[in-house]
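Single-letter residue listing:
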Amino acid sequence: MADKGIKRFDELNIARLSLISVQERIPANYRDWSVELEDGDRRYRVTCQALPEYGVPHGIDTDISAALVNLYIDQGSPADGAVTCTPYQLLQMAGLDTSGRYYTSLDESLKRLTTTTYFISEGWRDHPRGRWTNVNFRYIDRIEFTSGEAEKLDASSVLRITLPQEISRSVRAGYIKSLDLSFMQTLKRPPTRALYRLLDAQRRDPENPDAVAMAYQVGLMEWAEACKIVTDRPSMAQRTLDAAHEELIEKGFLKNVEYLGRGKKKMLQYTFGEAFIPPDPALLQELADLGVTQTRALQLVREHGEQTVDDAVVRCKAILAAGYKPRSKPAFFVDVLKNPGKYQLPEGVSEARKATAKGQQGKARGSGQPSLFEAPLRPSEEEVDADALLRAQPREKQVEEVMRTLTFLLRNDLKLQELDTLRLALDEGLEDPLEIKAWAIKGISGGQKSTVVRDLRTRLGVKLQALRDQPLTSGR
């Protein structure tokens, strides 16, 4: 099931440094690169070294790398940098096809991200300390996965991926920016998605990420180097970028792209579309909580402005908290927004309470670190409806959704092999997905997590004892 919110993020260092080539395909011998770039008065160097059999990261690696950061955030940004998921969940978060043809591509992408080393000199921002540092790391520090066939990732695998401390620390410190992942996924080709991600980061001041520019100018050949385009010819660099420019203009992210000058001194002038001034992700999440769809939320923010929408959210939630039950929450919110004089705050709810609620929301937004999912104590109406919708889905969809939920809740309590055993029990029909999900959530929300873990091990052991000793494939 897709997330109803759009609260997605990018770690700013990764996005700005463009560690992944925008090219969809690379030359067979493209296994390293080194660039030295300027940012104002500061010069920095980035070097990439990959294994010959895999080549440097490129193509869908930009989608997979963005998905890993967001899965890490969704799972609570643990200090050990670990992300536990299935291949389906990773492909789904990346916006890639989950029907089967991308599993081989995912396997290759993970190998590239695990075996490639980056060396960054004076280019990695330690934002809490306000300084630029030197680091070296691999995008994936460690990967483990279960598999029915040695050394091969498949659709039924369970993955545990550990991000390097450089990335996980930066995310936990809040050095992140909003990323419209759903928009990124509408872009047809990996080069366009990679260029969008890079431009969306470059338009921000790295020392003040909330400052978003509406124009960006850069030398063509310097930009080609930043994008890791393998050419020393301006005409070839321009041709490589033009297709991505056309799609980004068509989608409205870019208003205009101009080439100024000639030859290797040619400059690129980007003008961004006004509709893509990013709204506050926390505000968009609050609208999602009220049932407002992503497209409608963006439209309302652009039509009425963030402040007006924010005021309407506070007023709407105060009225709902007082017991009012509208037929449709989204329609009710829109009515509150468009007709502010029609609704008064409930009796007993003062303006001070309204201000306090708004202040609490502002505090949550100002932290930089996104709020994290917590298991509900009791199912809401929306969750009951969601379970009914899930019950109507094909069994494989039910299994993936239940694995997503239970992996999040139990990833620190079950070994990777035990999660794999759970997956096999669901795949083989030995357990009903929604029944085991409801049983686990009820026990965990009731403070009986250790009992749930113990009983789950017993429950699976009776049926799948022989599968527990299945070998584990791991690598560094």
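Residues numbered from 1 in each chain as written. Predicted model: local features only at pLDDT ≥ 70, side-chain atom pairs only at ≥ 80, totals over all residues. Heavy atoms only, no water.

Looking up the chain in an unreviewed UniProt entry gives the name Replication initiator protein A, with the organism given as Deinococcus aquaticus.

Undergrad: I'd love a proper account of the overall build of the chain, names of residues and values included.
TA: Each helix and strand in the chain was counted, giving 19 helices and 15 strands. Across the 476 residues in the chain, those meeting the buried criterion constitute 51%. Pairs at least 24 residues apart make up 70% of the contacts formed inside the chain by residues separated by at least 6 positions. Roughly 22300 Å² of accessible area belongs to the chain as shown, and the carbon and sulfur atoms make up 49% of that amount. (Helix = DSSP H or I, 4+ residues; strand = E, 2+ residues; numbered from the N terminus. Buried < 20%, exposed > 50% of the residue type's maximum accessible area, 1.4 Å probe, protein only. Contact = heavy atoms within 4.5 Å. Areas by Shrake-Rupley, 256 points an atom, 1.4 Å probe, with all protein chains shown as cover.)

Undergrad: Describe the environment of Glu108, naming the residues involved and giving the relevant values.
TA: Following the sequence through the fold, Glu108 ends up in helix α4 (residues 103-115). The class of Glu108 is partly exposed, set by a relative accessible area of 40%. In the structure, Glu108 is positioned 51 residues away from Pro57 in sequence and 9.8 Å away in space, judged by C-alpha atoms.

Undergrad: Go over the sheet that holds strand β14 (residues 267-272) with me, naming the residues and quoting the values.
TA: Strand order across the open sheet formed by three strands is β12-β14-β13, with antiparallel pairing between neighbours. What marks the edges here is a single partner per strand, and that holds for β12 (215-219) and β13 (254-260). This sheet shows a mean twist of 15° between the axes of neighbouring strands, independent of strand direction. Summarising the sheet, β13 and β14 pair through six bridges and their orientation is antiparallel. Bridging from a neighbouring strand, Leu254 pairs with Phe272 of β14. Relative to the sheet, helix α7 (residues 190-202) contacts β12, β13 and β14, its axis offset from that of β14 by approximately 80°. Of the strands in this sheet, β13 and β14 touch helix α9 (residues 234-250), which is tilted by about 155° from β13. (Pairing = 2+ DSSP bridges. Axes fitted to C-alpha atoms, helices over the stretch in contact; angles between N-to-C directions.)

Undergrad: Hey, could you go over the pattern of salt bridges for me, with residue numbers and the actual values?
TA: In a structure, side chains of opposite charge can pair up when their charged atoms sit close to one another. Summed over the entire model, instances satisfying the criterion amount to 24 salt bridges. Where Arg423 meets Asp427, a salt bridge forms, and the shortest distance between an N and an O atom there is 3.0 Å. Residue Arg423 and its partner Asp427 are located together in helix α17 (residues 416-427), separated by four residues, close to a single helical turn. Linking Arg459 and Glu435 is a salt bridge whose minimum nitrogen-to-oxygen distance equals 2.6 Å. Taken as a pair, Arg459 in helix α19 (residues 449-464) and Glu435 in helix α18 (residues 433-445) lie far apart in primary sequence, 24 residues in all. Look at Glu435 and you get partly exposed, because its relative accessible area is 36%. Several salt bridges share partner residues, and in doing so they unite Glu36, Glu38, Arg43 and Arg45 into one network. (Salt bridge = Lys/Arg side-chain N within 4 Å of Asp/Glu carboxyl O.)

Undergrad: How would you explain the pairing of strand β6 (residues 131-138) if you had to name every residue and give the values?
TA: Across seven bridges, the pairing between strand β5 (residues 117-126) and β6 is antiparallel. Residue Thr117 lies in a different strand from β6, and its bridge partner there is Arg138. The loop that links β5 with its antiparallel partner β6 comprises four residues; one of these, Gly130, has a positive phi angle of about 65°.

Undergrad: How would you summarise the packing of aromatic side chains if you had to cite specific residues and measurements?
TA: Any aromatic ring pair is given by two values, namely how distant the centres are and how the planes are angled relative to each other. Following the criterion strictly, the structure yields ten aromatic pairs and no others. Between Tyr324 and Phe332 the ring centres are 5.0 Å apart and the planes differ by 50°, which places this aromatic pair in the tilted class. A relative accessible area of 41% places Tyr324 in the partly exposed class. Members of the aromatic cluster, connected to one another through ring pairs, are Trp33, Tyr118, Trp124 and Phe137. Sitting over the face of the ring of Trp132, Arg125 holds its NZ or CZ atom 5.1 Å from the ring centroid. (Phe/Tyr/Trp six-rings, centres within 6.5 Å; stacked < 30°, edge-to-face > 60°. Lys NZ or Arg CZ within 6 Å of the ring centre and 35° of its normal.)

Undergrad: Before we move on, can you summarise the confidence of the model for the chain with the specific residues and values?
TA: Looking at the chain, the pLDDT average stands at 81 and 84% of residues meet or exceed 70. Low pLDDT (under 50) marks residues 350-382, which in the prediction has 45 contacts with non-local residues, meaning those over four places away or in another chain. (pLDDT = per-residue confidence, 0-100.)

Undergrad: I'd like a description of the sheet that holds β6, backed by residues and values.
TA: With antiparallel pairing, the four strands of this open sheet are ordered in space as β2-β3-β5-β6. Looking at which strands have only one partner, the edges of the open sheet turn out to be β2 (32-39) and β6. Within this sheet the neighbouring strands show an average axis-to-axis angle of 20°, counted without direction. Lying on the sheet, helix α5 (residues 165-172) is in contact with β5 and β6; it crosses β6 at an angle near 135°.

Undergrad: Go over the nonpolar core with me, naming the residues and quoting the values.
TA: Residues Ile64, Leu90, Leu110, Leu199, Trp223 and Tyr270 are the most contacted members of the largest nonpolar core, which totals 83 residues. Top contributing element to this core by residue count: helix α2 (residues 61-74), with eight residues. Excluding anything up to four places from it in sequence, Leu110 contacts Ile64, Leu90, Ile140, Ile143, Leu153, Leu159 and Ile161. In this structure, Leu390, Ile436, Val453 and Leu460 belong to the second largest nonpolar core, which totals 23 residues. (Core = buried A, V, L, I, M, F, W, Y, C linked by side-chain atoms within 4.5 Å.)

Undergrad: I'd like a description of unusual backbone geometry, backed by residues and values.
TA: Within the chain, Ser18 stands out as a residue other than glycine whose phi angle is a positive 50°. Using a relative accessible area of 7% as the deciding quantity, one classes Ser18 as buried. One non-glycine residue, Glu122, adopts positive backbone phi at about 60°. Note that Glu122 resides in strand β5.

Undergrad: How would you sum up α9? Please name residues and give values.
TA: Taking 1.5 Å per residue, 17 residues should reach 24 Å; α9 reaches 24 Å between its end C-alpha atoms and fits that length. Along its length, α9 reaches its greatest deviation from straightness, about 35°, at Asp242. Within the span of α9, buried status applies to Pro234, Ala237, Gln238, Leu241, Ala244, His245, Glu247 and Leu248. Note on α9: the residue one or two positions beyond its end, Gly252, has a positive phi of about 95°. (Expected span 1.5 Å × (residues − 1). Bend = angle between axes of the 7 residues up to and from the residue.)

Undergrad: I'd like a rundown of α7, residues and numbers included.
TA: Taking 1.5 Å per residue as the helical rise, α7 with its 13 residues ought to reach 18 Å, and the 18 Å between its terminal C-alpha atoms agrees with that figure. Of all 13 residues making up α7, 13 are buried, and the element is well covered by its neighbours.

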